[in-house]
Amino acid sequence: MTDIEVQRKKIKVTQEDMDKGVPQDCEHCAIAVALKREYKTDNAEVRLHGSDATPVMVVDGKELNVPVHYENIILDFMSEYDKQYEYTTDEEYYSRHNPQPFEFEVNVIWES
């Protein structure tokens, strides 16, 4: 069996994406905002699938292929950004959790 080399596209989630994004909103979270910017579309969403909570990213109705080694990086960011931990105040939350801009790659299966 021969391995096929697949082109990858780098997605950068910036501080601006985080500021514009809406936590816990699959169509307006920071990652979705970054995907919309990168693919120049208004149609992107990020959701979790299955019992293992695999991140799924969809742009213009087409699912992106996320390499496995990026899944935990994405999940860690989502947990921090979506405030998945219980604290009394935002100040207490952000004193312990501080989501940061990051980047990941997707396998390019199609081009817009």
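Quick note: structure is the one above.
Values in this document were obtained by computation on a predicted structure and should not be read as measured data.

1. Observations concerning unusual backbone geometry
Then comes step 1: With a phi angle near 50°, lysine 40 is a residue other than glycine that sits in the positive phi range.
Then comes step 2: Considering the arrangement of structural elements, one finds lysine 40 in the loop between helix 2 (30-39) and strand 2 (44-49).
Then comes step 3: Residue lysine 40 is classed as exposed on the basis of its relative accessible area, which comes to 74%.
Then comes step 4: Positive phi, close to 50°, is recorded for aspartate 60, a residue that is not glycine.
Then comes step 5: The residue aspartate 60 is located in the loop between strand 3 (54-59) and strand 4 (62-63) in this model.
Then comes step 6: Given a relative accessible area of 36%, aspartate 60 falls into the partly exposed group.

2. Some details on the pattern of salt bridges
Then comes step 1: Inspection of the entire model under this criterion finds six salt bridges.
Then comes step 2: One salt bridge in this structure joins arginine 8 and glutamate 105, with 3.6 Å as the shortest N-O distance. Here arginine 8 is found in strand 1 (residues 8-13), whereas its partner glutamate 105 is found in strand 5 (residues 102-107), with 97 residues between them in sequence.
Then comes step 3: Two residues, glutamate 45 and arginine 47, come together in a salt bridge whose shortest N-O distance is 3.2 Å.
Then comes step 4: Given a relative accessible area of 21%, glutamate 45 falls into the partly exposed group.
Then comes step 5: Overall, arginine 47 belongs to the partly exposed group, its relative accessible area being 35%.

3. A word on helix 3 (residues 68-81)
Then comes step 1: Here helix 3 spans 20 Å end to end across 14 residues, near enough to the 20 Å set by a 1.5 Å rise per residue.
Then comes step 2: Among the residues making up helix 3, those that are buried are Tyr70, Glu71, Ile74, Leu75, Phe77, Met78 and Tyr81. The arc enclosing the buried residues of helix 3, seen along the axis, measures out at 165°, which places them on a common side. What points out from helix 3, more than 90 degrees from its buried face, is the exposed set His69, Asn72 and Asp76.
Then comes step 3: Those residues of helix 3 that are buried are in contact with strand 1, helix 1 (15-20), helix 2, strand 2, strand 3 and strand 5.
Then comes step 4: Backbone geometry just after helix 3 places lysine 83 at a positive phi near 55°.

Analysis parameters
- Residues numbered from 1 in each chain as written.
- Predicted model: local features only at pLDDT ≥ 70, side-chain atom pairs only at ≥ 80, totals over all residues.
- Heavy atoms only, no water.
- Helix = DSSP H or I, 4+ residues; strand = E, 2+ residues; numbered from the N terminus.
- Buried < 20%, exposed > 50% of the residue type's maximum accessible area, 1.4 Å probe, protein only.
- Salt bridge = Lys/Arg side-chain N within 4 Å of Asp/Glu carboxyl O.
- Expected span 1.5 Å × (residues − 1).
- Arc of directions from axis to C-beta.
- Contact = heavy atoms within 4.5 Å.

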